[in-house]
Structure formats: structure tokens, C-alpha cells
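Residue-level listing of the chains:
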There are 2 protein chains.
Amino acid sequence: MPLVVVGSVALDSVETPDERRENVLGGSATFFSYAASYFTTARLVSVVGEDWPEEHTRLLESRGIDTSGLEVVLDAKTFRWSGKYLKNMNDRETLDVQLNVFDQFNPQLPESYRRCRYLFLANGHPSIQMNVLDQCPGANMTVADTMDLWINVARDELLSLLKRIDGLVLNDSEAKMLTGDDNLVRAGHAVREMGPRFVVIKKGEHGAMFFSEHETYVLPAYPTDDVVDPTGAGDSFGGGMMGYLAEQDNVEPKTLKRAMAYGILTASFTVEDFSLDRLKEIERSDIDRRMEEYERMLSF
Amino acid sequence: MPLVVVGSVALDSVETPDERRENVLGGSATFFSYAASYFTTARLVSVVGEDWPEEHTRLLESRGIDTSGLEVVLDAKTFRWSGKYLKNMNDRETLDVQLNVFDQFNPQLPESYRRCRYLFLANGHPSIQMNVLDQCPGANMTVADTMDLWINVARDELLSLLKRIDGLVLNDSEAKMLTGDDNLVRAGHAVREMGPRFVVIKKGEHGAMFFSEHETYVLPAYPTDDVVDPTGAGDSFGGGMMGYLAEQDNVEPKTLKRAMAYGILTASFTVEDFSLDRLKEIERSDIDRRMEEYERMLSF
């Protein structure tokens with residue numbers, strides 16, 4: 001099954017303790033769709049400016065990603081993000097954000113996308129996320145991401161969104177902020193009680209937790225000694241997870257758990273280099289090999 | 001097989017965001033031996049003062065713990081520790097330490113302990129830990145814990161100790177401090193290259209990592225919504241892990257991994273109440289039931 005993702009496409013400048021990269025390909029929908037492309041056809045909805053290097057579009061298309069929903073706006077600039085990772089590589093500072101063309105982004109899904117059954121709403125204003133939901137009335141698996149900004153400035157809209165989606169994916173600090181509870185198990189279930197059928201809390205280098213009415217579990221991150229740039233890890237997690245669900249066209253609890261693991265493993269490649277550089281080198285078989293290792297690691 | 005543990009027995013005063021307890025039973029050897037007692041006979045070596053409530057000794061003995069190595073010093077006071085947990089319940093401040101009788105602790109193992117094959121050196125000065133090693137020449141599984149203090153003030157002695165033990169257990173922050181590397185996978189292997197055959201990095205609410213020459217793995221913590229007091233979790237982890245190894249009398253990689261899981265699960269009970277209050281309520285069958293759940297959680 002194809003999978004629609006609505007989110008940002010950006011040019012990132014990233015500084016780590018060891019290196020710096022300027023204007024590399026980034027954005028939530030970029031990482032998500034590239035990660036998902038190992039599992040299914042991802043249909044991208046986003047916007048860029050006139051400065052957008054066409055080679056990036058060709059890179060996405062080389063993985064079978066449908067870019068007919070990528071709008072190019074003339075006389076405008078692409079969204080730019082600049083950030084710096086601290087020594088622990090888990091915490092980061094945002095140095096600069098230039099929303100540019102993304103500021104007025106009002107996603108319109110191409111007609112060919114509207115009957116899609118799997119839909120991911122990457123981080124964005126919850127009102128815009130709801131507008132997208134309205135365009136996909138037949139979707140049977142809708143998952144959204146969010147961030148601290150929307151919890152603070154658009155809480156009511158976020159709460160309305162939560163009543164309309166199947167799943168929410170968010171960071172540990174965001175789950176604590178949204179619920180006011182520092183215990184992640186309680187926080188996860190509290191978010192679930194706000195509406196979604198399931199909640200996934202991403203814990204960065206510590207893996208991810210899953211919450212549904214009858215299930216609570218945590219899966220660790222794949223232990224890698226080679227973290228070069230964590231940018232895009234969370235969106236790659238989402239792309240791997242949703243990509244696997246769409247590929248299997250099945251949203252049973254057992255498939256969801258395996259999808260979580262695929263999300264974790266896809267993200268474990270992303271962090272091994274800047275931008276999409278590591279993902280560009282791998283095939284589905286590399287993810288599956290890592291999955292075999294991961295399953296061995298967790299059995300005793 | 002019996003298991004010898006050398007470490008502290010203390011009276012703790014603990015403050016959490018919700019509650020406060022004064023002068024409750026604590027200390028590394030206390031939590032370790034009580035946790036180990038679900039698996040094997042723990043033989044305790046420690047020291048207390050004249051103020052020691054005899055009922056605490058009886059509590060340990062009620063679980064079959066051998067307290068013949070617990071020295072009572074007249075005209076002296078028991079070690080006291082006082083600490084306060086921050087809102088996240090993972091970080092804590094030490095408010096006060098009164099070493100008292102523990103300051104001059106020079107452990108002498110009773111004759112009956114010296115042929116013990118499983119030995120745990122709870123956190124202490126590495127020179128003293130080495131003195132204990134000298135008293136157990138026949139031990140075939142020696143594991144030590146350490147802390148930031150010894151990494152800072154007794155680094156050379158710690159490095160000597162590391163060449164003489166089978167395993168080292170330490171916290172994530174300590175592993176980073178000892179190696180100067182913020183990536184835990186690299187840090188774990190760097191500690192292993194300092195001498196021990198294996199290294200365990202404890203990550204608190206995020207579980208634990210294992211490193212040997214041919215293995216690297218991470219197991220998550222058991223997700224609990226009921227963290228009341230994390231004091232003693234690390235030592236309970238050690239006690240569950242070593243207790244299971246001693247019970248099985250087997251130190252193969254497969255047994256070590258299962259032992260890690262038992263350590264994690266035993267500690268998951270400890271944090272559900274102050275002091276030993278939660279452990280006092282459970283039987284081995286409760287740990288085994290949680291193990292079944294944990295194995296289900298990690299299979300997909």
C-alpha cells in the first residue's frame with residue numbers, strides 16, 4: 001500500500017562536536033519518505049522555493065518516492081534549519097530557523113493521493129494537520145508527530161487533532177510537557193487517553209515505548225558506536241514504522257510491534273552519517289540483516 | 001552456589017518529590033544481598049555501629065542471608081546517607097554522608113566465606129576491593145561496582161583492580177567519565193579493554209548494556225508506572241544478576257544475558273517502594289512472572 005507523508009523539506013546546516021555540514025538535504029518529510037521507501041511507495045507532500053536543488057528531487061525519485069505533491073514556489077526560498085549537537089549527541093540547540101516558503105504552507109493533496117489508506121502527518125501546526133486529515137477521509141491508519149512548540153502555542157488544536165488520529169508519535173520530553181507527568185509509562189497512557197488508539201514515545205538513544213489500551217512496551221535502540229549526526233532519526237523512525245505497516249497492510253498489535261522495531265533499525269542507519277548519506281548506501285537487505293541481529297540481541 | 005558480597009550497610013534518609021523517609025535500611029550490600037537471596041544464599045560482609053537496629057539483621061536472616069560477616073563495632077555509629085530525588089526520579093542529590101564506622105572498614109572475610117566462587121565487590125575504594133580479592137583466591141566469578149569518586153581520586157588503583165576482575169558494573173555517567181567518551185557503546189568496550197572480561201553499564205530507567213569481546217547488547221528496563229524510590233536499584237540489579245549466575249553456577253554468555261534480565265527485573269521491584277519495602281512483599285515466583293512478561297515484551 002502506498003503511504004502519504006505531509007511535512008517539511010529543508011536545507012539543514014548541522015554542527016556536531018566533530019564536523020559541520022552546510023545546506024544539506026533535510027526536513028521531516030524527506031527523512032520520513034526516504035526511510036519508508038525501503039518498504040513501500042511513499043507519496044510526499046511538501047513545499048520548496050526557487051533555490052531548491054533539483055538533484056534532491058531526483059534523489060528521492062530514485063527510491064521510488066512520488067514527488068508529485070512537492071510544490072515549487074517561485075520567488076521564494078526553501079525552509080532552512082540550523083542546529084548544533086552537544087557532546088552527548090542526544091541534546092541539541094537550534095541555532096537558526098528560516099521558515100521561508102514553509103511559513104505559508106497549506107498542503108493540498110494531489111487527487112491521486114486522496115484515496116491513500118496510510119497517512120503520516122509530520123510535525124506541523126495541528127490545524128494544518130487537521131486540514132490534511134479532511135482531505136483523506138478514507139485513511140485507515142493516520143499517525144501524527146508533534147513538538148513542544150504546538151503543545152505550548154496550539155494546545156487546544158492539538159487536543160482536537162488527538163481525537164481524530166489513530167496514533168501519535170512524540171519525544172519523551174514532549175510527552176512529559178503535554179501531560180505534566182515525569183513518569184513515561186503514566187505519561188504515555190495519559191496521552192493515549194486524550195484520543196489516539198496508540199502512542200509512541202521516542203527516547204532517542206534509549207529506544208522507543210509503545211502504549212495502547214492493552215499493551216505497554218519498550219524496545220531499546222540498536223547499539224551503535226558510530227553516531228555521526230542524529231538529525232532525522234525521529235522521522236526515519238516514523239518512516240520505517242509506517243512504511244512497514246503500509247507494506248504489510250495490516251495494523252494488528254503484532255505487526256505494530258514489528259513496525260516499531262523496523263522504525264528503530266531504519267533510524268539506526270540514519271544517525272551513522274549526515275543527512276541521507278548513510279541511508280543512500282543501504283538496501284532493504286541491510287535493514288533485514290540488522291533486524292536479525294536485533295532479534296538475537298533481545299532473546300535469551 | 002553461595003555468593004559473597006562486600007559493601008555497605010547503611011541507614012538512609014530519602015526525600016522524593018512526594019514523600020520522605022528517615023533512617024530506613026539501606027546500603028549497597030543490603031540491597032545486593034536481599035535481591036540475590038531470591039536466587040541463592042548470599043553471604044554478607046559489612047560493618048555497622050552500636051546504633052544498629054538488630055531487627056534489620058533478623059530481616060536479612062529471614063531470607064537466608066548469612067550475616068556472620070556483619071561486624072558490629074561498639075562505641076561507633078552506622079554509616080548514614082541522605083539524598084533527594086529530582087522530579088524526574090532518575091537524578092539525585094546527595095544531601096549528607098556520615099561514613100562513621102564505614103570510614104575504617106577493612107573487610108575480613110570469615111573463614112567459611114573464603115572458598116566462595118562467586119564474589120561481588122560493591123562500590124568501595126579499589127584498594128579495599130583488591131584486599132578482598134586477595135582473600136578469595138579461588139573465586140571464578142568476581143564482579144565489582146565503582147563510582148565517580150574513585151574514578152577521580154583513586155584512578156590508578158581502579159585501573160589495577162580492573163586487570164584482576166571478571167566483570168565491572170558501573171553507571172552510564174561513570175563509564176563516560178572513566179573513558180572520556182560520550183558514546184556508550186565505545187565507552188563500554190574501552191572499559192572492557194582496561195581489563196575485565198565483561199562490562200555492564202547501568203542506565204537507570206533506560207535499562208542496561210553488556211559488553212564482552214564478542215557481544216554488545218542492551219536490554220531495556222521493565223516499564224513501571226510506579227517509581228516511588230530508586231535508591232538501591234543499581235545494587236538490586238547486581239544482586240539479581242549475580243544471584244542468578246551463582247544459582248545456575250554457570251557463566252556462559254547465554255546465562256549471563258539471562259542474569260542481566262533477572263537483575264533488571266529484581267531492580268524493577270525495588271523502585272516500587274522505599275528501602276526493601278517492596279522486595280519484602282515478593283517471592284521468587286513474582287520475579288519469574290515478570291520475566292515471562294518481559295520476554296513477551298521483547299519478542300515480536
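Residues numbered from 1 in each chain as written. Chains lettered and ligands numbered in written order. Predicted model: local features only at pLDDT ≥ 70, side-chain atom pairs only at ≥ 80, totals over all residues. Heavy atoms only, no water.

## Remarks on the overall build of chain A
Heads up, the rule is: Per the convention used, a helix needs a DSSP run of H or I reaching at least four residues, while a strand needs a run of E reaching at least two, with both numbered from the N terminus. Using C-alpha atoms as the atom set, the radius of gyration is obtained and then compared with a globule rule of 2.2 Å times the number of residues to the power 0.38. Burial classes: relative accessible area under 20% of the type maximum marks a residue as buried, over 50% as exposed, and values in between as partly exposed (1.4 Å probe, protein chains only). Here, two residues are considered to be in contact whenever any of their heavy atoms come within 4.5 Å of each other. Exposure was quantified through the Shrake-Rupley algorithm and a 1.4 Å probe, taking into account, for residues, occlusion by the shown protein chains and nothing else. Here Asp and Glu are counted as negative and Lys and Arg as positive; His is not counted, and neither are the chain ends. By convention, the charge on Lys lies at NZ, on Arg at CZ, on Asp at CG and on Glu at CD.
Across its full length, chain A carries ten helices and 13 strands. Its C-alpha radius of gyration of 18 Å places chain A within 12% of the 19 Å reference for a compact globule of 300 residues. A principal-axis box enclosing the C-alpha atoms of chain A has dimensions of 55 × 40 × 35 Å. Here chain A holds 300 residues, and the buried ones make up 60% of them. Look at the contacts in chain A between residues 6 or more apart in sequence, and 65% of them connect residues 24 or more apart. Summing over all exposed atoms, chain A offers an accessible surface of approximately 11700 Å²; the carbon and sulfur share of this is 43%. Chain A carries 31 positive and 49 negative side-chain charges, and their two centres are separated by 4 Å.

## Side note on the sheet that holds strand β7 (residues 92-98) of chain A
Residue and element names in this part refer to chain A. The condition is simple: For two strands to count as paired, DSSP must find a minimum of two bridges between them. Note on definitions: angles span 0 to 180 degrees between N-to-C directions of axes, and those axes are lines fitted to C-alpha atoms, for helices only across the stretch in contact.
If you trace the four strands from one edge of the open sheet to the other, you get β3-β2-β6-β7, paired in mixed fashion. Two strands bound the open sheet, and with one partner strand each, they are β3 (20-26) and β7. Between one strand axis and the next, the sheet turns by 20° as a mean value, whatever way the strands run. Two strands pair when backbone bridges link them, and strand β6 (residues 79-85) and β7 are joined in this way by six bridges, in the antiparallel orientation. Residue Y85 lies in a different strand from β7, and its bridge partner there is R92.

## What to know about the interface of chain B and chain A
We apply this condition: Two parts placed together each lose some accessible area under a 1.4 Å probe, and adding up what both lose gives the buried area. What makes a salt bridge here is a side-chain nitrogen of Lys or Arg within 4 Å of a carboxyl oxygen of Asp or Glu, nothing more. Two N or O atoms count as a polar contact when they lie within 3.5 Å, although within protein this holds only if one can serve as hydrogen donor and the other as acceptor, and sequence-adjacent residues are included solely when both atoms are side-chain atoms.
Counting residues at the interface gives 34 residues for chain B, matched by 34 residues for chain A. Both faces combined, the contact of chain B with chain A buries some 2800 Å², and carbon together with sulfur accounts for 60% of it. Linking chain B to chain A there are two salt bridges. Inspection of the region where chain B meets chain A yields 18 residue pairs in polar contact (both at pLDDT 80 or more).

## Overview of the confidence of the model for chain A
Going by this rule: pLDDT runs from 0 to 100 and stands for how confident the predictor is about each residue.
Taken residue by residue, chain A gives an average pLDDT of 97. The fraction at 70 or more is 100%. Taken together, the chains of this predicted complex give a pTM of 0.95 and an interface ipTM of 0.93.

## Quick notes on the pattern of salt bridges
Side chains bearing opposite charge may pair, as long as their charged atoms lie close to each other. For the coordinates displayed, the defined rule picks out 40 salt bridges over all chains. Residues D286(A) and R289(A) are paired through a salt bridge, measuring 2.8 Å at the closest nitrogen-oxygen approach. Note that D286(A) and R289(A) are positioned in helix α10 (residues 284-297) at a spacing of three residues, about one turn of the helix. Relative accessible area serves as the criterion here: at 49%, R289(A) is assigned to the partly exposed category. Of the charged contacts in the structure, one is a salt bridge between R164(B) and D134(B), with a shortest N-O distance of 2.8 Å. Taken as a pair, R164(B) in the loop between α5 (155-162) and β10 (167-171) and D134(B) in helix α3 (residues 126-135) lie far apart in primary sequence, 30 residues in all. Classification of R164(B) by relative accessible area gives partly exposed; the value is 39%. Through salt bridges with shared partners, one network takes in E272(A), R278(A), E281(A) and R290(A).

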